Amino acid sequence: MKRKSRLKIQKDVIALNIIAYTFTALIAILCLLPFIMVISGSFSSERAVAANGFSLVPQDFSLEAYKTVFKTPSVVIRAYATTTVLTVTGTALGLLLQTMTAFVLARKDFPWRNGFSFFFYFTTLFSGGLVPTYVLYTRTLGLANNYLALLFPLLFSVFNLLIMKSYIMGVPDTLFEAAKIDGAGDFRILFQITLPLIKPALATVGLFIALAYWNDWYNAMLYIREEKMFPLQYFLYKQVNSIEAYKKMIANNQVSGDVISTLSLPTQTLKMALTVVVTGPIILAFPFVQKYFVQGVTIGAVKG
Amino acid sequence: MKQHLSNPPEASVQKKIPSEKLGRFGKRVIRNKILLLMILPAVIYTIVFAYYPMTGVVMAFKKYNYRDGIWGSPWNGIENFRFFFKSGQAGTVIRNTVLYNVAFILVGTVTQMAVAIFLTEIRSKHFRKISQSMMFLPYFISWVIVGVMAFNIFSDDFGFLNKLLVAMGFKKISFYITPKAWPFILVFFEMWKGVGYGSVMYLAAIMGVDTSIYEAAALDGCNVFQRIFYVTIPSIMPTVIILFLMSVGRIFKGNFDMFYNLVGTNGNLFNYTDVIDTLSFRALISSKDFGMSAAVGLFQSVLCFITVVLANRLVKAYDPDYALF
């Protein structure tokens with residue numbers, strides 16, 4: 001290396017740096033732009049958007065759209081409440097279910113662990129498909145218009161099970177054996193000895209489950225007809241796809257008493273404001289949870 | 001253990017097995033009863049929500065009506081399949097599903113790898129962190145929101161892109177009635193949503209490369225580009241191939257979330273955007289044709305099963321450690 005001229009070495013390093021920084025920056029900006037467009041749309045006036053379309057920077061500043069969303073806050077708040085309760089319940093139950101199962105499958109002294117592993121794994125290879133599942137929920141179990149139809153589908157996933165299992169397998173067996181000799185039961189070994197050791201996996205899998213519940217709209221579309229029961233994402237889906245109906249709802253439900261016509265309400269900017277209101281918490285929580293998702297990918301890749 | 005030894009008589013009553021016939025199996029059940037209890041909820045869940053619906057595939061061979069249910073409805077032979085294949089949609093949706101997945105895999109793999117390689121070359125920690133966070137952002141939002149964003153960009157009257165085209169003196173493109181544009185749009189958004197998350201896997205692989213190889217390469221007078229092409233890329237090839245084969249295994253599975261939110265029920269675009277999953281969904285929800293939808297679903301499940309097993313074979317042949325089963 002020393003024999004080469006410094007200049008030559010630097011040339012290729014500089015070239016690579018230029019390419020690397022440009023490419024990375026370009027992709028990163030590309031990833032961010034649609035978000036900025038939604039936000040700037042939400043702070044624009046309807047008139048500006050109608051005249052000039054959506055843009056990267058707000059053409060003017062207007063809170064008209066947000067005011068409209070919060071004219072009938074109860075509608076949004078109800079969807080928020082539904083999603084929050086579902087996410088919290090689903091994550092807690094899902095985590096418990098996944099951890100217990102992974103714990104058993106990771107125990108080398110459990111004689112049927114291969115059989116059961118295959119029993120779970122097989123479901124990722126073959127599935128009955130949409131129709132039998134739909135009939136199961138709506139007819140066999142009678143869960144149409146029932147929150148359980150939103151809870152059950154995302155409760156358990158083999159992908160999460162594998163992450164959890166590979167993490168628990170990292171706990172030394174001798175720990176289990178020692179605890180057993182000391183007279184600890186299996187539940188005690190799980191909750192008092194294993195859980196504190198697998199906190200990162202709990203965080204990762206918990207966040208995977210939580211994100212799935214938070215972003216779920218599909219199951220609501222299949223099983224929920226009752227508007228009042230819509231979770232957040234499906235609520236958003238419905239409103240942006242039938243914004244006139246949403247405006248009518250705002251006009252009819254508003255609290256202040258003065259009569260407003262739907263014509264006076266914004267349309268495009270209203271969609272954007274609603275999107276921001278729905279996405280907000282995820283984006284705010286994101287910097288704190290990103291590393292756990294990174295961890296999840298890595299565990300899944302290396303040990304899965 | 002002591003506890004377990006004192007238990008057998010009770011437990012054997014519960015299991016209704018006479019104690020003398022308990023045998024080795026029974027004893028093992030008793031010894032592991034707590035573990036079995038722990039796994040029981042997941043087993044019940046899986047039976048109800050995964051195995052039981054598998055029996056529902058018989059619907060593909062039935063003329064389903066709501067009154068008689070799955071089992072009571074009359075048999076229909078292979079009529080549902082014939083209808084699917086004769087309708088002319090089968091060819092389109094299978095072609096679209098496969099071609100989209102091929103494009104997703106190729107574009108996704110290349111961008112994710114490139115991002116991972118460039119990120120490791122970037123010295124500035126802040127730049128690395130901030131750009132990685134920005135790229136991770138799309139992963140966290142639902143496809144519903146991506147659908148809104150796509151509308152912002154591509155809509156006729158308000159779309160950013162159309163305003164830009166007009167400003168630059170070009171003609172507007174009515175994207176929502178131009179099917180040919182959608183392969184590009186859909187591939188872009190799939191790349192967009194997965195780049196941050198997907199690149200993490202390759203980053204991890206690059207971190208795992210033995211640094212002494214880099215040093216040796218530098219001593220041999222490699223420039224940085226040669227180092228990337230002759231050291232980094234070959235070193236992460238195992239990861240690339242494994243991930244590639246795994247995604248090939250899912251080649252008949254369409255990303256319903258994406259297609260439904262970006263294209264929805266816009267029939268103008270179906271020739272270029274309809275995939276197996278969206279067709280099956282419409283057959284069920286819009287036309288209430290349970291039989292054909294089930295037939296499409298079964299056809300897809302079987303194809304998926306075959307491709308996953310084949311892909312796993314290939315992974316196993318390449319590196320048994322990574323085989324899924």
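Everything numeric here is computed off the predicted structure, so don't read it as measured data.

What counts, and at which threshold
Residues numbered from 1 in each chain as written. Chains lettered and ligands numbered in written order. Predicted model: local features only at pLDDT ≥ 70, side-chain atom pairs only at ≥ 80, totals over all residues. Heavy atoms only, no water. Helix = DSSP H or I, 4+ residues; strand = E, 2+ residues; numbered from the N terminus. Rg over C-alpha atoms; globule rule 2.2 N^0.38 Å. Areas by Shrake-Rupley, 256 points an atom, 1.4 Å probe, with all protein chains shown as cover. Lys, Arg positive; Asp, Glu negative; His and termini not counted. Charge placed at Lys NZ, Arg CZ, Asp CG, Glu CD. Domains from an automatic or database assignment. Contact = heavy atoms within 4.5 Å. Buried area = accessible area lost by both parts, 1.4 Å probe. Salt bridge = Lys/Arg side-chain N within 4 Å of Asp/Glu carboxyl O. Polar contact = N/O pair within 3.5 Å; in protein donor to acceptor, adjacent residues only side chain to side chain. pLDDT = per-residue confidence, 0-100. Buried < 20%, exposed > 50% of the residue type's maximum accessible area, 1.4 Å probe, protein only. 1 Å grid on protein atoms, 1.4 Å probe; cavity = no way out; pocket = protein on both sides within 12 Å on 5 of 7 lines; lining within 4 Å. Points joined across faces, edges and corners; volume = space filled by probe spheres on them. Nonpolar A, V, L, I, M, F, W, Y, C, P; charged D, E, K, R; others polar. Axes fitted to C-alpha atoms, helices over the stretch in contact; angles between N-to-C directions. Parallel < 35°, antiparallel > 145°, perpendicular 65-115°, else oblique. Left-handed = near helix turned anticlockwise from the far one by under 90°.

Caption draft 1: Examining the overall build of chain B more closely. In terms of regular secondary structure, chain B is built from 17 helices and 0 strands. Relative to a compact globule of 325 residues, whose C-alpha radius of gyration would be 20 Å, chain B shows 27 Å and is clearly more extended. Taken along its principal axes, the extent of the C-alpha atoms in chain B is 85 × 65 × 35 Å. When the accessible surface of chain B is split by element, carbon and sulfur atoms take 65% of a total near 16,000 Å². When the 31 positive and 17 negative side-chain charges of chain B are each reduced to one mean point, those points stand 7 Å apart.

Caption draft 2: Fine view of the domain arrangement of chain B. All names here are of chain B. Under the domain assignment, chain B is made up of domain 1 (2–72) and domain 2 (85–322). A C-alpha centroid distance of 40 Å is found between domain 1 and domain 2. In this complex, domain 1 contributes 6 residues to the contact, which on the side of domain 2 involves 5 residues. Between domain 1 and domain 2 lies a buried interface of about 450 Å² when both sides are counted; carbon and sulfur atoms form 87% of it. If you sort the residues of domain 1 by the area they bury against domain 2, Met-59, Ala-60 and Tyr-64 come out on top, with a joint share of 71%. At the boundary of domain 1 and domain 2, one finds 0 salt bridges. Applying the counting criterion to the domain 1 and domain 2 interface returns 0 residue pairs in polar contact (both at pLDDT 80 or more).

Caption draft 3: Structural context of the side chain of B:Ser131. By the secondary structure assignment, B:Ser131 is in helix α8 (residues 125–136). Setting aside residues no more than four positions away along its own chain, B:Ser131 makes contact with A:Thr24, A:Ala28 and B:Leu119.

Caption draft 4: Broad picture of the interface of chain A and chain B. Taken together, the contact pairs 100 residues of chain A with 97 residues of chain B. Across the chain A to chain B interface the summed buried area is about 9,100 Å²; carbon plus sulfur atoms make up 79%. At the junction of chain A with chain B, the criterion picks out 0 salt bridges. Ranked by residue count, the leading element in the side of chain A that touches chain B is helix α1 (residues 6–42) of chain A, at 21 residues.

Caption draft 5: Fine view of the confidence of the model for chain A. With 90% of its residues at a pLDDT of at least 70, chain A reaches an overall mean of 87. Within chain A, helix α14 (residues 243–253) of chain A has the poorest average pLDDT of any element, 71, and helix α7 (residues 148–151) of chain A the best, 97.

Caption draft 6: Seen up close, unusual backbone geometry. In this structure, A:Asn145 takes a positive phi of about 55° despite not being glycine. Structurally, the position occupied by A:Asn145 is in the loop between α6 (130–140) and α7. Although it is not a glycine, B:Lys288 adopts a positive phi angle of roughly 55°. Position of B:Lys288 relative to the elements: it lies in the loop between α16 (276–285) and α17 (290–318). Classification of B:Lys288 by relative accessible area gives partly exposed; the value is 48%.

Caption draft 7: A look at the layout of surface pockets. What the second largest pocket holds in volume is close to 570 Å³. Lining the second largest pocket are 27 residues, and of these A:Tyr237, A:Asn241, B:Tyr260, B:Asn261 and B:Gly264 lie nearest its centre. Taken together, the elements giving at least two residues each to the lining of the second largest pocket come down to α13 (232–241) and α15 (268–302) of chain A together with α9 (143–154), α14 (256–262) and α16 of chain B. With 5 residues, the top contributor of residues to the lining of the second largest pocket is α13(A). Grouping the constituent residues of the lining of the second largest pocket by class yields 16 nonpolar, 7 polar and 4 charged.

Caption draft 8: Representation of the packing of helix α4 (residues 73–106) of chain A against helix α4 (residues 33–55) of chain B within the structure. Where α4(A) meets α4(B), the axes come as close as 8 Å, and the angle between the chain directions of the two elements is 135°. In this view, α4(A) runs oblique relative to α4(B), as classed from their interaxial angle. In the crossing of α4(A) with α4(B), the sense of the turn from one axis to the other is left-handed. Between α4(A), through A:Leu97, A:Met100, A:Thr101, A:Phe103, A:Val104 and A:Leu105, and α4(B), the contact on the second element is made entirely by B:Leu35, B:Met38, B:Ile39, B:Pro41 and B:Ala42. Among the residues making up the contact of α4(A) with α4(B), the classes are represented as 10 nonpolar, 1 polar and no charged.

Caption draft 9: Representation of the packing of α16(B) against α17(B) within the structure. All names here are of chain B. Across the interface, α16 lies against α17 with an axial gap of 7 Å and an inter-helix angle of 160°. Taken as axis vectors, α16 and α17 run roughly antiparallel relative to one another. Note on packing geometry: the crossing formed by α16 with α17 is left-handed. Residues Ile-276, Asp-277, Leu-279, Ser-280, Ala-283 and Leu-284 of α16 touch α17, and the partners they reach there are Phe-290, Met-292, Ser-293, Val-296 and Gln-300. Grouping the constituent residues of the contact of α16 with α17 by class yields 7 nonpolar, 3 polar and 1 charged.

Caption draft 10: How the structure looks around the pattern of salt bridges. Counted according to the given criterion, the structure contains 10 salt bridges over all chains. Put simply, A:Asp173 and A:Lys108 hold a salt bridge, and the shortest N to O gap is 3.4 Å. Of this pair, A:Asp173 sits in helix α9 (residues 173–181) while A:Lys108 sits in the loop between α4 and α5 (113–125), and the two are 65 residues apart along the sequence. You can call A:Asp173 partly exposed: its relative accessible area is 24%. On the basis of relative accessible area, A:Lys108 is assigned to the partly exposed category, the value being 45%. The salt bridge involving B:Asp277 is made with B:Lys253; its shortest N-O contact spans 2.9 Å. Of the two residues, B:Asp277 is situated in helix α16 and B:Lys253 in the loop between α13 (224–248) and α14; the sequence distance between them amounts to 24 residues. A residue is classified by how much of its surface remains accessible, and B:Asp277, at 11% relative accessible area, is buried. Through salt bridges that share partners, A:Arg107, A:Asp109, A:Lys180 and A:Asp186 make up one connected network.

Caption draft 11: Spotlight on empty space enclosed by the protein. Per the stated rule, a full pass over the model turns up 2 cavities of 30 Å³ or more. Approximately 70 Å³ is the volume found for the largest cavity. Of the residues belonging to the lining of the largest cavity, the class tally is 4 nonpolar, 4 polar and 2 charged. Of the volumes computed, that of the second largest cavity is approximately 50 Å³.

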